[in-house]
Amino acid sequence: MDWNHYRFRSLWTLPEPPTAVYEVLRRPEDYPRWWRQVREVTRLDDTTGVIRIRSVLPYDMTFTAREVRHDPGDGVLEIAVSGDIEGWARWTVTPRGTGSLARYDQVVSVTKPLLRRFAVPGRPVFRANHALMMRSGRRGLLRHLRTV
């Protein structure tokens, strides 16, 4: 087993329609306004940016995100990531009742040296850190969607 390889999935049930959710998620430069763990997003061009995140643990992760799929019809936003993590992440937004379901999938390997050193003992803590970040993101998105 590669202790530095992670697969994550989060499911966010939201009361707003898929088009409204998709419109917010397709603008990563606005994430820091509603998702406190996304500390900074710097656009490099129309499809690429540098993102800095920090959850509960006292370390930042910085990576470049490059759009590889933007499909409003299917509700899909997918990026390739490189930097402190390497791999991909994807949002898929679909109808759910009168609202929507935002599914987040991520498959990455950690390249940040500090985190690689603590791969085995830190793995449960890193996974919990990610879960807390995702929970906070959902709460922030719910608040944000009420204002747009």
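Please read these numbers as outputs of a predicted model, since none were measured by experiment.

## Some thoughts on helix 4 (residues 119-147)
The end-to-end C-alpha distance of helix 4, which contains 29 residues, comes to 40 Å, matching closely the 42 Å that a straight helix rising 1.5 Å per residue would cover. Along helix 4, the helix axis deviates most sharply at valine 125, where the bend reaches about 30°.

## A word on the packing of helix 1 (residues 18-25) against helix 4
The geometry of helix 1 relative to helix 4 is characterised by a closest axis approach of 11 Å and an angle of 110° between their N-to-C directions. Judged on the interaxial angle alone, helix 4 and helix 1 are roughly perpendicular. The handedness of the crossing between helix 1 and helix 4 is right-handed. Contact residues: Ala20, Val21, Val24 and Leu25 in helix 1; Leu141, His144 and Leu145 in helix 4.

## Focus: the environment of tryptophan 91
Tracing the backbone through its elements, the reader meets tryptophan 91 in strand 6 (residues 85-96). Measuring from C-alpha to C-alpha, the distance between tryptophan 91 and leucine 11 comes to 9.8 Å, with 80 residues separating the pair along the chain. Every residue in contact with tryptophan 91, bar those within four places of it in the chain, is listed here: Trp12, Leu25, Tyr31, Trp35, Gly75, Val76, Leu77, Ala102, Arg103, Tyr104 and Met134.

## Considering the nonpolar core
Within the largest apolar cluster, 37 residues are counted, with the highest numbers of intra-cluster contacts made by Trp12, Leu25, Trp35, Trp91 and Leu141. Per element, the largest residue contribution to this core is 6 residues, and it comes from helix 4. Apart from residues no more than four positions distant in its own chain, leucine 141 is found in contact with Trp12, Leu14, Val21, Val24, Leu25 and Trp34.

## What about the side chain of arginine 123?
Within the element layout of this structure, arginine 123 appears in helix 4. Buried within the structure, arginine 123 lacks any salt-bridge partner; aspartate 2 is the closest side chain of opposite charge, at an N-O distance of 6.7 Å.

## Quick word on the pairing of strand 6
Where strand 5 (residues 76-83) and strand 6 come together, 6 bridges link them in antiparallel fashion. Bridge pairing in strand 6 links valine 76 to threonine 92. Turn length for the strand 5-strand 6 hairpin, with the two strands adjacent in sequence and antiparallel, is 1 residue. Across 12 bridges, the pairing between strand 6 and strand 7 (residues 99-110) is antiparallel. Opposite alanine 89, over in strand 7, you have glutamine 106 as the bridge partner. Here strand 6 hands over to strand 7 after 2 residues, with glycine 97 in that stretch at a positive phi of 60°.

Basis of the calculations
- Residues numbered from 1 in each chain as written.
- Predicted model: local features only at pLDDT ≥ 70, side-chain atom pairs only at ≥ 80, totals over all residues.
- Heavy atoms only, no water.
- Helix = DSSP H or I, 4+ residues; strand = E, 2+ residues; numbered from the N terminus.
- Expected span 1.5 Å × (residues − 1).
- Bend = angle between axes of the 7 residues up to and from the residue.
- Axes fitted to C-alpha atoms, helices over the stretch in contact; angles between N-to-C directions.
- Parallel < 35°, antiparallel > 145°, perpendicular 65-115°, else oblique.
- Left-handed = near helix turned anticlockwise from the far one by under 90°.
- Contact = heavy atoms within 4.5 Å.
- Core = buried A, V, L, I, M, F, W, Y, C linked by side-chain atoms within 4.5 Å.
- Buried < 20%, exposed > 50% of the residue type's maximum accessible area, 1.4 Å probe, protein only.
- Lys, Arg positive; Asp, Glu negative; His and termini not counted.
- Salt bridge = Lys/Arg side-chain N within 4 Å of Asp/Glu carboxyl O.
- Pairing = 2+ DSSP bridges.

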